[in-house]
Structure formats: structure tokens, C-alpha cells
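Tertiary structure, described
Next come the chains, spelled out residue by residue.
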Amino acid sequence: MSADDRTPPRSLAGLLRERREELLQEWERRHAEHLPGKRLTREERLDDIPELLDALVEHTGETPRSVRRVPHPAAEHARRRLALGFSLEEVTAEYSQLRTLLLQALTREDAGLEPEGLILLNEALDQAVSLAITTYARESQTLLESLQRQREAQENRAFFQAMLQSATFHIIGCDPDGTIRFFNATAERLLGWRAEELVGRATPSLFHDAAETATRAEELTRELGYPVPANFEAYVARARLGEPDAREWTYVRRDGTRFPVYLVVTAVRSETGELLGFMGLAEDITERKRLEAESRARSEFEQQLIGIVSHDLRNPLNAILLGAQSLLRRDGLEARQTVALNRIVSSAERATRMIRDLLDFTQARLGGGIPMKLAPVKLHALTQQVVEELRLSYPEREVRLEQEGQDEGQWDGDRMAQVLTNLLTNALKYSPEGTRVTVHTHGDESQVRLEVHNTGPPIAPEVRARIFEPLQRATGTARREERSLGLGLYIVRHIVRAHGGTVTVRSTAEEGTTFTVSLPRRPQAA
């Protein structure tokens, strides 16, 4: 027989299609033999096997390999077997039986099968087994987790109930119409009612101040653009719209006494978004109110103290300073008199600076901020003026001034002079005698930068982290008569921030210490 007369290999896909019913019957018989303990109906034994055979036909047929898909029925088969109580080993054994059945049935054919078809068949079965195992493992894990969550929910229900009852917050739950459904023990203690007296019988309007409720209803009517009645709706209108409502209210106890609370009301919704009710968490803020009143009283006292310091104490100090300076200008003073008068002038000036720092510190701490008066300023000229003044106070020290770039901007000139004076004075105080202090100002199109540098021991990292906080000093190396209150850098930071700028410090043993101030030319405050 010539090569042209040979019978071509039969199509495996075609053979599977022809023998489909016969293969399914054989599957039922073998399945019953291998799993005699499983009492299954015919439909349960076949399950998704017919669809799986159809998928094998598709996989081994004419579909290009690049677009063939894993047989989907394997995943559904694994889910169904899990629901029927099959173990993973039993599911895997089913696929082994199916492979054996198919190979035995197909290889009995007299005519040969195309080798490519057998390869594709095994490939498809391998993919089906893999998908079935993966699906079974994932679904069983999900089922176990679900069962575990149910058990935990049952076990924890009593715990959560106890937790809600023992919470320090007053917790009240209401249905959408306002009827109280939950009233914890803290609410009982605060308000004087027992839960059984209110649950299912009353609304929170029972213990809310009626006048406050009416006022809040009017506010909400204006804000929301529709009438809000002066009842339960005044407490939950915002929460009903999806916005937690947090505010202070006045509660009325059963005995008629009143006390302030901070109440947060939120809507309780199901997973589908259905409104189930509302929950209110309230805290008795009687003590907080008392502390706030005390704080206001202290603040008012501090403001009065500012007035005393700024007027009653500054005036005699100015008189002492002017008198001592006037005496110093007289001729014929003895050396001891000159020394004494210079000490008086130095002490009065130091006391004046301390008063100024205290005033600035108090204003910054009270929240009003240090006042600023912005006007056109040339930073180079201002810096030169401050440097020259300090050179007179420290004639033995070298202060080097470097300036470049544009220096115009909108700032408070007096406050910027205060920043420069504080930084330069610190540099002179906390650097060794005989060393140089350098002041550098540089301006570009958007901002100006001021740097004050000195050599000497670096600022320790733990000190550097809090150096801009009040009552902090860089080191303890300054002479006693030069020490300050430790407010200078705190005030520097407030002044710089008020101008929209930043102040930073870099300090190492090799490079020395540099304070850098960066300022926008036109702060937003302008």
C-alpha cells in the first residue's frame, strides 16, 4: 500500500463527540463502583461531566492553541462536590477515573488517533484538575472563614453587649422614627431612667432641652432649605443625609437637673444602604466646661498682666534708662561712677528686652499672634544697621557682613530687625571669643534668605529638636549677665511664620552653627 493510500489519523475531537453518550454511561457505572458509599442521584453523579466533555472537544478541536481556555466546568464541578461533602482527595480521584476512562476508550479504536489530539487531551485534563483543586481550596477556605465568623459573632455578641453597657459614653440607639431601641447603663446613670422604661416607649426628646431643640430646628430649616420640625428630626437631620452631627446639647435628668453633653449622632445603615436607625454617643462635659471657664479666667488675668507690664513696668524702666544715659553724658565723672552707670544702663536695657520678649511670648501663646505692620523694606540696609549697632555692643568681636542679590520686599521692618538682633546676639553669646560671626543676606526673584553663622561647639541634637520652643537655650556657655529667658528663638519663629517664611538650624562640629531664615517677598498677609 502506498503512502497516499494510508488512512489519515482520526480526529480526537470528533471521536469524543461521537462517543459522548457512551462515555457518560461508562462514567456513571465506574463512579458508582469507586464511590459506593455516596448515595447520589444520576444528576449528581454526572454533575458537570457532560459540560466538561464538551469543553474537552473544544480544547482538542480546531480552536487555535493561542485562544484555548481552561475548561470552566471544572470550577463549577469542584463547587458542587464541596457542597455535597466530597473531600479534595475524592474530587482529585474523580479526574483520575475520568482520564483513565477516556484513554482506555479512545486507545481501543482500530484506527489510530492523531498524536496532537492525545497531547491536547492530557493538557486539558491537567488544566481541569488544577482549576478544580484551586477552586475547591479557595471555596472551602471561604466557607471555613464564614463559619468561623458566624461562631465568633455568636461568641462575641454577649461581649459586645457588655462592652456597650460598660462604656463611659452614654450610648442610645433609635429606629428611623426615633423610638429608643438601646439605652446603655451609662445613659441610665446620667439621666436617671431605666432602659426598660424607655426602650420601645420614648424618644430622645424626653431628655433634650425643648428650647435648644426648637433653636436647632430653625437653624437646620435655614441651612437645608426645607422645614425641620422641633422634635427627633432636629437631632438626626444631618445624620440622615450621611453627615455625622457633632455638637453640644443640654440634657435634662429625670429629677429636672440639667447638664451639658457633647453628642455625636450617626446613621446606622445595612450593607445595601438601607437606613436601620441612628446611634447617639454623648459625653458629660460638665468638668470640661468648668476647666474651660477657669482657662478663660486665667487668659483674662494674663491679658491684664500684659497691660501692667507694658505700661506700669516699662515706664519706670524707661525713666531709669534715660536718667542713667543722661548722667553718663556729664563731664567729670569718676571711673567708679562711670562703671556703675554703665551697669545701670546695661541692666535696664536687658530688662526692657526681657519685657518685650515676655509680651511677644504671651501674645503668641494666647493665640492672637504677634502683630505685624507690613511695608516696603530693603533687607540689606536693615541688616547693615543691626550689625553696626551690635558691633558697638561687642567691640571685641568680628562680625562679617556679606550681601548679594535683590533685597526689596514687603515685611515688618521693626520685627525683622528683632529677628536679626536675636539671631546675631545668640551667635555672639554662644561662640568662643576671638572667633568670627558671619551674616549673609541673599535675594532672588521669589524670596530672600538670611543666614547667621558662628563657630564653636555644635548644638546637641536633642537640644536642636526643641530649640524653637519657649524657655530653651542652645547651650550653657553664655556669661551669666548675658543670659536671657530663652524666648528669643521662639519669637523669631513666630515672626518668620507670620511673614510666610521658615527658619531652620544646622549645627555640626566641622561646619559650626547656621540659622537660616527664608522669606517670600510678598507674604499672603500683605
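Before going into details, it helps to say that this report is about the structure given with it. This one's a predicted model, so the numbers in the text were calculated from it and none came from an experiment.

The five strands are arranged E2-E1-E5-E4-E3 in an open sheet whose pairing can be described as antiparallel. The open sheet has two free edges, formed respectively by strand E2 (180-183) and strand E3 (245-252), since each of these has just one partner strand. If you compare each strand with its neighbour and ignore which way they point, the axes differ by 30° on average. In the sheet, strand E1 (residues 170-174) pairs with E2 via three bridges, with the strands oriented antiparallel. The partner of Gly173 across the bridge, within E2, is Phe182. Packed onto the sheet, helix H11 (residues 233-240) meets E3, strand E4 (258-269) and strand E5 (275-284) and runs at close to 40° relative to E4.

Here we come to the packing of aromatic side chains. Each aromatic ring pair is characterised by the separation of its centres together with the angle its planes make. Taken as a whole, this structure holds eight aromatic pairs when the rule is applied. Measuring from centroid to centroid gives 6.3 Å for Phe232 and Tyr235, while their planes differ by 85°, and the two rings are edge-to-face. By relative accessible area, Phe232 is classed as buried at 7%. Note on Tyr235: relative accessible area 4%, which makes it buried. Ring geometry for Phe468 versus Phe515: centroids 6.2 Å apart, planes at 85°, classification edge-to-face. Residue Phe468 is located in the loop between helix H16 (461-464) and helix H17 (488-498), and its partner Phe515 is located in strand E12 (residues 512-520); the two are separated by 47 residues in the primary sequence. Among the aromatic side chains, those forming a connected cluster through ring pairs are Phe183, Trp193, Phe207, Tyr251 and Phe259.

Further remarks concern empty space enclosed by the protein. Going through the model one piece at a time under the given rule, you end up with two cavities of 30 Å³ or more. Here the largest cavity defines a volume of roughly 130 Å³. As for the largest cavity, its lining consists of 15 residues, of which Cys174, Pro204, Leu263, Val265 and Gly280 are closest to the centre. A per-class count over the lining of the largest cavity returns twelve nonpolar, three polar and no charged. Its volume calculated, the second largest cavity comes out at about 30 Å³. Every element with two or more residues in the lining of the second largest cavity is listed here: helix H14 (379-393) and helix H15 (413-429). In terms of residue count, H14 provides more of the lining of the second largest cavity than any other element does, three residues in total.

Bringing the pattern of salt bridges into the picture now. Using the criterion set out here, one finds 35 salt bridges in the structure. Notably, a salt bridge pairs Arg254 with Glu197, separated by 2.9 Å at the nearest N-O pair. Taken together, the positions of Arg254 in the loop between E3 and E4 and Glu197 in helix H9 (residues 195-198) put the pair 57 residues apart, joining distant regions of the chain.

A few words on the pairing of E5. One ladder, built from five bridges, connects E1 with E5; its direction is antiparallel. Each bridged residue has a counterpart across the sheet, and for His170 the counterpart in E5 is Ala282. In this structure, E4 lies alongside E5, joined through nine bridges in antiparallel fashion. Within E5, the residue paired with Thr266 across the bridge is Met279. Two successive antiparallel strands, E4 and E5, enclose a turn made up of five residues, where Gly273 displays a positive phi of approximately 95°.

Within the secondary structure, Asp245 sits in strand E3. Assessed through its relative accessible area of 7%, Asp245 is described here as buried. Within polar-contact distance, the side chain of Asp245 engages the side chain of Arg247 at 3.2 Å. Leave out the neighbours within four places in its chain, and Asp245 touches Arg216, Tyr235, Arg238, Leu263, Val264 and Val265.

In this section: the packing of H15 against H17. Where H15 contacts H17, the two axes come as close as 10 Å, and the packing angle between them is 145°. As for the relative orientation of H15 and H17, their crossing is left-handed in sense. Packed against H15, whose contacting residues are Arg415, Gln418, Val419, Asn422, Leu423 and Asn426, the element H17 presents Gly488, Leu489, Ile491, Val492, Ile495 and Val496 at the interface. In terms of residue class, the contact of H15 with H17 is made up of seven nonpolar, four polar and one charged.

Definitions and limits used
Residues numbered from 1 in each chain as written. Predicted model: local features only at pLDDT ≥ 70, side-chain atom pairs only at ≥ 80, totals over all residues. Heavy atoms only, no water. Pairing = 2+ DSSP bridges. Helix = DSSP H or I, 4+ residues; strand = E, 2+ residues; numbered from the N terminus. Axes fitted to C-alpha atoms, helices over the stretch in contact; angles between N-to-C directions. Contact = heavy atoms within 4.5 Å. Phe/Tyr/Trp six-rings, centres within 6.5 Å; stacked < 30°, edge-to-face > 60°. Buried < 20%, exposed > 50% of the residue type's maximum accessible area, 1.4 Å probe, protein only. 1 Å grid on protein atoms, 1.4 Å probe; cavity = no way out; pocket = protein on both sides within 12 Å on 5 of 7 lines; lining within 4 Å. Points joined across faces, edges and corners; volume = space filled by probe spheres on them. Nonpolar A, V, L, I, M, F, W, Y, C, P; charged D, E, K, R; others polar. Salt bridge = Lys/Arg side-chain N within 4 Å of Asp/Glu carboxyl O. Polar contact = N/O pair within 3.5 Å; in protein donor to acceptor, adjacent residues only side chain to side chain. Left-handed = near helix turned anticlockwise from the far one by under 90°.

This is a description of form; function is not addressed.
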